[in-house]
Each structure stands twice: as C-alpha cells, then as structure tokens.
Amino acid sequence: MKRHLISAGDLSRDDALLILDTAEELAQVSQRSIKKLPTLRGRTVVNLFFEDSTRTRISFEAAAKRLSADVINFSAKGSSVSKGESLKDTALTLQAMGADAVVIRHSASGAPHRLAEWVDGSIVNAGDGTHEHPTQALLDAFSMRRRLGPLDGRRVTIVGDVLHSRVARSNVLLLATLGAQVTLVAPPTLLPVSVGSWPCEISYDLDGVLPKSDVVMMLRVQRERMNAAFFPSAREYSRRYGLDRDRLGRMPDHAVVMHPGPMNRGMEIAAEVADSPRSTIVEQVTNGVTIRMAVLYLLLGGAELEGGAQ
Amino acid sequence: MSDARTRPTTANVSRAVLEGPDIQRALTRIAHEILERTKGAQDVVLLGIPTRGVTLARRIGERVARFEGVTVPSGSIDITMYRDDLRLRPARPLGRTELPADGIDGKIVVLVDDVLFSGRTVRAALDALGDIGRPRAVQLATLVDRGHRELPIRADYVGKNLPTAMSEKVKVYLSETDGRDAVVLIKEEDR
Amino acid sequence: MTAYLVKGASIVGGEPADLLIRDGLIVETGAGLTAPAGAETLDAEGLVALPGLVDLHTHLREPGREDAETVETGTRAAALGGFTAVHAMANTSPVADTAGVVEQVWRLGQEAGHCDVRPVGAVTVGLAGERLAELGAMADSAARVRVFSDDGKCVSDAVLMRRALEYVKAFDGVIAQHAQEPRLTEDAQMNEGAVSGRLGLTGWPAVAEEAIIARDCLLAAHVGSRLHVCHVSTAGSVEIIRWAKSKGWDVTAEVTPHHLLLTDDLVEASPAGAYNPIYKVNPPLRTREDVEALRAALADGTIDCVATDHAPHPVEDKEAEWGAAAMGMIGLETALPVVQLAMVETGLLDWAGVAQRMSIAPAHIGRVAGHGMPIEVGATANLTLLDPSARTGVDPGAFASKSRNTPYTGLTLPGKVVATFLRGRPTVLEGKLA
C-alpha cells in the first residue's frame, strides 16, 4: 500500500485484494454487540468535506470511530472557503493539528493530490470533482465479490454519465486491476472523447449488453445535463439507458444491480428495480463502512511509511 | 534432547528442541490436563491464536474428543487489531476470527498459542475476548513457554518449558502449515 | 554616450566580427577593430550576436495587478531575457482600450528604460466582445498602437471580428486573435484528450482553436486585412495557417516557447506532482504530436515568430487546486534558452533563423520601428549577446520578474543572455541588469 489512497489506479492487485480481504474480516465486527476495535486509539482522522455528502462523511466517520480514532469533522461548505488559497491554508491548519489522515471530498478534480503536497498525513480521496472516488469503487468491488465470488473474468456493465462520474473512473481502474471485464454504456455525449484508451469496452446499446452482464451498475444522471444538450430529455434518456423491469428480465438470473447513490428513481433506474432482491444498493451502504475501516486500518494501523514506499 | 543440526539456508545456528513425537505427547498431556482441570471439559471452548495456535487448538480438541467422547468447540481469535506494537511495523494483514456457533458467553475459554514469550499476545487476546463476549473463565495453553515475560501472565497448560536467551528465536513448525512437526531454537550468529 | 566595441561575436551564428556601437547605432563592423578613445571593449568571443529580441505577447499586469508584475519588473525580466521591445497586452485593469491607458503604459515603459514597451490596444471595450474600442485614437496616441488584441478572450463574434479587421486597415494595424471558441471551452481546464479524460478535467478541444483560426483567415482574406494568430497550439491550426499562407493571405502566427517544449501529460505526472497548476495555461499544453508540428511549422516559416505570452501570477493564484488556479506561465527570462533547446539543438533552426523568428518577424508584424534590423553598419544598435554554451539550472528565485510561475523549475536550460543593448545603451551586461 502507498501512503495515500487518491486513485484506484494507485492500487496494485495485491493491494486491492488485501483491502478486500481485510474488509471481509472486519465485516464481522459490524455484527457484534461491541462494534469497536482499539486499533487506531490516539490517531486523528479529519473529515474535510468541501462538498455536501452526508452519506459519505457518516460512512467514514463510523469507520474511523469503530477503529477508535479521534474524528474531527471539518465542513468547509457554507463558510467562505471555496478558493484554492483556502485549501492551502486549511491544509496548514490540519498539519498543525497533527492529523494522521485527512479524508477529503472536494468539487475540484485533483484537490487531494494538492493536499498531499501540503500535509504529512495520509490522504484518502472521498471524491474529487469528476475524477475519482476510490473507496466507492472498493466497496462496489467488495459488494460484487460477496455476491458473486472472485471478480476475475466477471462482466461488469457501467451505465450512464461516465463523463462526469468519479465513480465510473475509479471502478474502471479497480475492476480492470481485479481482472473483471468492464463495459461502459452511455450516450456518446456522456463519454470522454478519449475513452477508447481506457481498459474497458464501450457500447451504446444497453439491451445488447445486458444478457452478457454479471453486474449492472447504474450511475446517477443529473437532469441538468439535458440543458447542456448531453441528451434531449429525461424521457428519452430513460428509454434508451434506464434500467426498468423489462431490462432487468434480460439480465442473467445471477446478475446483480448496483447504484452508488443517490438514485434518481424513474430516471436511470426504476423504483421496482432498485428495491428488487437483485439490487445490492442497501448492502453497498453497509459495506461502505467496512471497506473504509479496512482502508483506514491499512493506511494508519502500522508504522508510518516514508513517502509512499512499500 | 534431539540431535543438534545446522540449517544450511541461513547463517544462523538452529537446533530442534522438540520433534514430531515430542509435540504429539505434549499435546496429549495438555488434553488430559484440560479434562482434569475442567472436570470433563464441559463448557470448554478452544480458541487458537492464528496461525499455529489454531492448528494446535484443533489437535487438542481432537484428543479431548478421542479420550472422553465429548466434542469441544474450537475456533480462532485474531488479535492483530489489539496488538500494542502496531506502530512498529507496516500494517499487517488480519488473521481469521471464527467463533463457535454458541459463542463464548458463560464458557471456559482456553486460549491456545504456540509460543508464550512476553505475554503481550495473550494480553491482546484477552482484550479481544472482552469485546466478543463474557466467558466464565479464561485459561491459557501453550506448546512452548520460553520465559522472559513482560506482563503478569502465566500459562495454565504448558507443553514444554524452554529456557532461552533473549537473542534466540523459537520457531514452531506444524505439518498442517509447514509440512513437518518441530520446535526449533535459532541462535543468531554475529555477522 | 559611451561607445562600445563588441569583439569577436558570431553575427547571428556566422563568422565572428567586431561591432563598434556609438550614438545608438552600429557604426563599424569587421575584424580586428580597435577601440576608439573612451570606448568600452566587450570580449564577446564565443557569443552569438542577435538583433534585440522583440516579444509580441507580454502581460506586464500594470495597471491593476501590480502584485503580479509591474512595467518596471516585467521589462527588467525582458532585458535579462534579451528583449529590446515587448508588446504589453491589453487585459489590464482598467483595460487598455483607450488612448489614456495605452499612453500610460507606454510612458511607464519609457521611464523604466529597460526595453521599449509597445502597448497592445483592446479590440473591444472592456474586452467584452460587444463594441469596438477606439482603435484609431490608440493608433494616433503617443503609444502609436498597431497591434490590437482582446487576448485572454476571443473576439468570437464574426461580425465584430470582420469590422475590426477592416477598421485597422486605415492605420496599418493588425488584429492579434486569441483563438478560442467560447462555447466549446466553457470551464475548460486542459487539453481535451486522453489525459483530461483520465484526470476528470473539462477538456479544451483543439477544434475550439482551429475553428476560429479558419474563420478568421477567411475573414481576413475577404476584407483584405492583416490577421495575426496568437499562441498557436495545435497541429490542426498549423495546417490551416499553412493553407491560408499558400493562398497569399496576410496571415501571421506566433507560438510560445512552452508550446514548443511541454505536453499535457505533465498535468498527470511530473516532479511537481499531479494536478500542479504550474502547468495550467491558456491555450493549454497539448500533445507530443502538436509539439512536433509546431516546431516544424516554426522551422519552415508557417509560424512566423516566437512570442512568450509571459503571464505572471502571484503565488497564491497558483498554489491552489487546479480548477481554481490562474492560467499562465512566465516566460521572458527563459524564452531564448527554451528556443535554443527546442529548435537550435534539435537542428531545426540556425541562429539566423532564431533572429528572424524572435526579432525580425515580430518587429515587422508589430510595425516596431528601429527593431528587428539586420546587424550591419547604420542599424540601430538593438542587440542581444548570447552565450550558447552556458547551461543554467532554472531557479525561479533568481528571476527579475515579480512572479515565480515558471514551469521549468529544476530544468537545466542551454544558453544565457550575456548582454542586451537598447539603442546602443547596455541594459544587461555580464548577465546582470546594467
């Protein structure tokens, strides 16, 4: 493991498997009456959230607290903090406080990389702009593995606004590392122009891909995108790329449906699909705490590493 | 005492202090002692500390079953997250924790480890147990007690007391994990 | 005024010769000249003499952002970089869209005295792209403005661009276009390509530059006017300009030193760390293929000149997350070394070619009298002496510029400006301000 978790691409196959295996052990802790381990006693984890994301923040907070770390929540939203100068000033403050890890959510792609230049603690990327969200990809992989077993050769279809999705970027990288075959399905307007260089297949035809999918992951599509002409209307998007009951029926019996949340029911996913037993959406939330415990343990639970060394 | 021999793969001098039959006899004795001390091993749960303590717990359980026909549940308890020396090394992979279906509340838990040394591992195991449940009593079985305790901990069942120097290492090999049974004392040579 | 005898400099890379400078002119050339009484002798053996460099594209930031640069500090940097004239871009605060502002900038340049400052006038009032600024008044002012540009913003309205091109014909002006189709580049952060896709940064597609250049070439041809294309950055732009020139249209173009050397993958991986805004610039760094095309175009004359687009920013505007950071790089003090590295040491240009592209051509495009002249008897003594064998590690702390936003920190660059003469007066001697 490197010192930070900023990109899913930083994880080797061994790193990724170590995180998943560790999470598998830690999953037991969530079922005990005492859901707490003393491991990170005396360590400080700062949740630095420049964007509202109660779900992700609570997940990291629960993970850190179950490991007995001290948690400081620093919500920059609403204060005057929005420009880069403040990111550096904030970083210097955290540095002075002696944060062992900083969990950062920021609307600017690359903000965690910058933060890593300015503080000594481990940086965990909890979502940066339209770049990456590696712990989401890890919890997705963990949820898939619990349902389907090892991911080698598994066919994962990711559907929706890939262009603006940090979840998609992290998932493509991590799933490729874990040996899964990823297919991205989206209207061409919502794929990066260079997507051909990514370690995955591309399709514009959801119905053609569904029967060959072990996992179908639906991405959130913001309705505002249609105002920028990425697609003509919510109705047309839903018809061509939404997962409804008919399409669920075209998936193999064992295949599961995932969504990183928050969902637009009726847009990219029909309510009855989201609530079906094929859906892992609720497990994904539970698994989020477990995987974040594993990440925090592996980053902070040992001796401090010198600048990203093994 | 077995014959001393030098392992060619290292510059260290190794000496087998227990061979396969010695280990078997020690475990048999421990199984008998457990039966005796716990009056028939009622309510006993054997919890091994990974990796080799788990194997030893299973072997002891088999013997207890063979001698008296009682089935003693055995499992494993990983103590990694409770160690007091986590910061001395990079983060370690976790071992498995597998508890018997009935849990440990009200049971007599016999912790099983391969080597008792400073006592810190046992201290961690006691903390871990406390988070899992409330046993009626906790006892400790170890294949080798090599001395040099750093905490007020002693074993209830000992396969062999082995006087050692601090600079020496004790390594336990078990056929399930290592292809052979042996306890080896390794003297580090000055290099 | 003191006379100077420059001994043994290689004249634009040719045979070594001596140059006698007096009263602002080159008065004698040849071998074995002896210094007249009172003349100072400069041993220039091993140095290359170039006509004083002329920059068509400099941001001096004054008035308005004196925390980033002033005319004084910016022209010091220019002199140290071997420049004897720079064009100060109009995107100051207030915008240089009136005779008053351009005259103020021009006077500040005169007072500083490190090099000539030629103000660029804004094409539209407040760079807003809505109404033409008083181009004629700026042309007639003491600043004698001939280059007009909304640089930083594109004159994207086709009618307005056509009118501007037509209007400046009356006083031999030129419109220097910052070619960037605004709708295609909303919130654009870096070159659109494989790297931007991976990094999740909004792309700045090459087509947004090329579409405007194509349109403007056609407009310039239609109205028979002069078009200058600022900071060309893509291989496609090169093709369009080559085509326009083949038609005989009066289109000229510039390329920055950084676009001749750096590529967009530095945003993803560099010693300065990923997402380091030191590489954030507009137009953005492009790909290796673009760099090769730009070098070839500069070598074959499709691109007429090198212009620095020296864009100083204070530290806090760069020490930020990528999306919030300012665009731009400083370049006056590294321009000639980067051109030596990218063009001369690769065999694409000789020193005569460098003189053409960094002095003669830009002086001609900007109609800068007294600059960009051949080094011969009777010419104004605007000269740069360069030691091409020097190797210098780039240390931003050593720059005369007020800002430090160079992308070359830590690189070792070839070539060092030893002396700069402005009308016979040294502004730089022994590599230091005279």
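Keep in mind it's a predicted model, so treat the numbers as computed, not measured. (Residues numbered from 1 in each chain as written. Chains lettered and ligands numbered in written order. Predicted model: local features only at pLDDT ≥ 70, side-chain atom pairs only at ≥ 80, totals over all residues.)

Colleague: Before we move on, can you summarise the overall build of chain C with the specific residues and values?
Modeller: A count of helical and extended segments in chain C gives eleven helices and 19 strands. Relative to the compact-globule value of 22 Å for 434 residues, chain C shows a C-alpha radius of gyration of 21 Å, a close match. Principal-axis analysis of the C-alpha atoms places the extent of chain C at approximately 65 × 50 × 45 Å. Counting over 434 residues, chain C shows a buried share of 60%. The long-range fraction of contacts in chain C, counting pairs at least 24 apart against all pairs at least 6 apart in sequence, stands at 75%. (Helix = DSSP H or I, 4+ residues; strand = E, 2+ residues; numbered from the N terminus. Rg over C-alpha atoms; globule rule 2.2 N^0.38 Å. Buried ≥ 20, exposed ≤ 12 C-beta atoms within 10 Å, placed from the backbone. Contact = placed C-beta atoms within 7 Å.)

Colleague: Describe the packing of helix α4 (residues 158-167) of chain C against helix α6 (residues 206-223) of chain C, with residues and values.
Modeller: Residues and elements named next belong to chain C. With their axes 9 Å apart at the nearest point, α4 and α6 run at an angle of 45° to one another. In terms of axis orientation, α4 runs oblique to α6. For the element pair α4 and α6, the recorded crossing hand is right-handed. Residues Ala 158, Met 161, Arg 162, Leu 165 and Glu 166 of α4 touch α6, and the partners they reach there are Arg 215, Asp 216, Leu 219, Ala 220 and Val 223. The residue inventory of the contact of α4 with α6, partitioned by class, reads six nonpolar, no polar and four charged. (Axes fitted to C-alpha atoms, helices over the stretch in contact; angles between N-to-C directions. Parallel < 35°, antiparallel > 145°, perpendicular 65-115°, else oblique. Left-handed = near helix turned anticlockwise from the far one by under 90°. Nonpolar A, V, L, I, M, F, W, Y, C, P; charged D, E, K, R; others polar.)

Colleague: Which residues make up the interface of chain B and chain A, and what are the values?
Modeller: Taken residue by residue, the interface counts 17 residues in chain B and 16 residues in chain A. Residues that form the side of chain B that touches chain A fall into these classes: nine nonpolar, one polar and seven charged.

Colleague: Got a sec to walk through the UniProt feature "binding site: L-aspartate" (unreviewed entry) in chain A? Specific residues and values, please.
Modeller: Here, UniProt's "binding site: L-aspartate" (unreviewed entry) annotation points to Lys83(A), Arg166(A) and Arg220(A). With respect to the secondary-structure elements, Arg166(A) resides in helix α6 (residues 166-177). Classification of Arg166(A) by C-beta neighbours within 10 Å gives buried; the count is 23. Setting aside its immediate chain neighbours within four residues, Arg166(A) contacts Gly127(A), Asp128(A), Gly129(A), Thr130(A), His131(A), Glu132(A), His133(A) and Gly200(C). (UniProt positions renumbered as here; feature names shortened; annotations may be inferred.)

Colleague: Which residues make up α6(A), and what values do they have?
Modeller: Counting along an α-helix, one turn takes 3.6 residues, and residues three or four places apart therefore face a common direction. Residues and elements named next belong to chain A. End to end, α6 covers 17 Å across twelve residues, agreeing with the expected 16 Å (1.5 Å per residue, within 8%). Summarising burial for α6: eleven of the twelve residues are buried, a large majority. Considered for burial, the residues of α6 that qualify are Arg 166, Val 167, Ala 168, Arg 169, Ser 170, Asn 171, Val 172, Leu 173, Leu 174, Leu 175 and Thr 177. The inward-facing, buried residues of α6 contact α1 (13-26), β4 (122-128), α5 (134-148), β5 (155-159), β6 (181-185) and β8 (215-218). Immediately beyond the C-terminal end of α6, within one or two residues, lies Gly 179, with a positive phi of roughly 90°. (Expected span 1.5 Å × (residues − 1).)

Colleague: Explain the nonpolar core to me, and be specific about the residues and the numbers.
Modeller: Counting 292 residues, the largest nonpolar core has Val102(A), Leu296(A), Ala49(C) and Val339(C) as the members making the most contacts within it. Here this core takes eleven residues from helix α11 (residues 281-300) of chain A, the largest share from any one element. Excluding residues that lie within four positions of it along the chain, Val102(A) makes contacts with Val46(A), Leu48(A), Leu94(A), Leu115(A), Val119(A), Gly121(A) and Ile123(A). (Core = buried A, V, L, I, M, F, W, Y, C linked by C-beta atoms within 7 Å.)

Colleague: Lay out the domain arrangement of chain C in plain terms, naming residues and giving numbers.
Modeller: All names here are of chain C. Taken domain by domain, chain C comprises domain 1 (4-48 + 379-433) and domain 2 (51-365). In this complex, domain 1 contributes 30 residues to the contact, which on the side of domain 2 involves 43 residues. Elements supplying a minimum of two residues to the side of domain 1 that touches domain 2: β16 (383-393), β17 (412-422) and β18 (425-429). Sorting elements by how many residues they give to the side of domain 1 that touches domain 2 places β17 first, with seven residues. A breakdown of the residues in the side of domain 1 that touches domain 2 according to their chemical character gives 17 nonpolar, eleven polar and two charged. (Domains from an automatic or database assignment.)

Colleague: Lay out the sheet that holds strand β7 (residues 201-203) of chain A with the relevant residues and their values.
Modeller: Residues and elements named next belong to chain A. Strand order across the open sheet formed by five strands is β7-β6-β5-β8-β9, with parallel pairing between neighbours. The strands lining the two open edges of the sheet, one partner per strand, are β7 and β9 (256-258). When the angles between neighbouring strand axes are averaged without regard to direction, this sheet yields 20°. The sheet contact formed by β8 and β9 spans three bridges and is parallel. Residue pairing across strands places Met 217 opposite Met 258, the latter belonging to β9. Where α6 meets the sheet, it contacts β5, β6 and β8, and its direction lies at approximately 155° from that of β6. (Pairing = 2+ DSSP bridges.)

Colleague: A description of the interface of chain A and chain C should follow, citing residues and the corresponding values.
Modeller: The interface is formed by 24 residues belonging to chain A together with 19 residues belonging to chain C. Listed by contribution, the elements that provide at least two residues to the side of chain A that touches chain C are α3 (84-97), α4 (111-118) and α6 of chain A. Looking at the side of chain A that touches chain C residue by residue, the classes come out as six nonpolar, ten polar and eight charged.

Colleague: Lay out the pairing of strand β8 (residues 182-187) of chain B with the relevant residues and their values.
Modeller: All names here are of chain B. Pairing between strand β1 (residues 13-19) and β8: six bridges, direction antiparallel. Along β8, the bridge assignment pairs Leu 18 with Val 183. Across five bridges, strand β7 (residues 169-173) lies against β8 in antiparallel orientation. The partner of Lys 169 across the bridge, within β8, is Ile 186.

Colleague: Go over the UniProt feature "binding site: Zn(2+) 1" (unreviewed entry) in chain C with me, naming the residues and quoting the values.
Modeller: All names here are of chain C. Following the UniProt record, the feature "binding site: Zn(2+) 1" (unreviewed entry) maps to His 57, His 59, Asp 151 and Asp 309 here. Taken together, the annotated residues stretch across 253 residues yet fold into one region, lying no more than 9.7 Å apart by C-alpha. Position of His 59 relative to the elements: it lies in the loop between β6 (53-58) and α1 (71-80). Apart from the residues lying within four places of it in its own chain, the contact partners of His 59 are Met 89, His 310, Ala 311 and Pro 312. By C-beta crowding, Asp 151 is classed as buried, having 26 other C-beta atoms within 10 Å.

Colleague: Residues and numbers for the environment of Gly242(A), please.
Modeller: Residue and element names in this part refer to chain A. Summarising the element assignment, Gly 242 is placed in the loop between α8 (234-241) and α9 (245-250). In this structure Gly 242 comes out as buried when scored by C-beta crowding, with 23 C-beta atoms within 10 Å. Excluding its chain neighbours within four sequence positions, the residues that come into contact with Gly 242 are Tyr 237, Met 267, Glu 268, Ile 269 and Ala 270.

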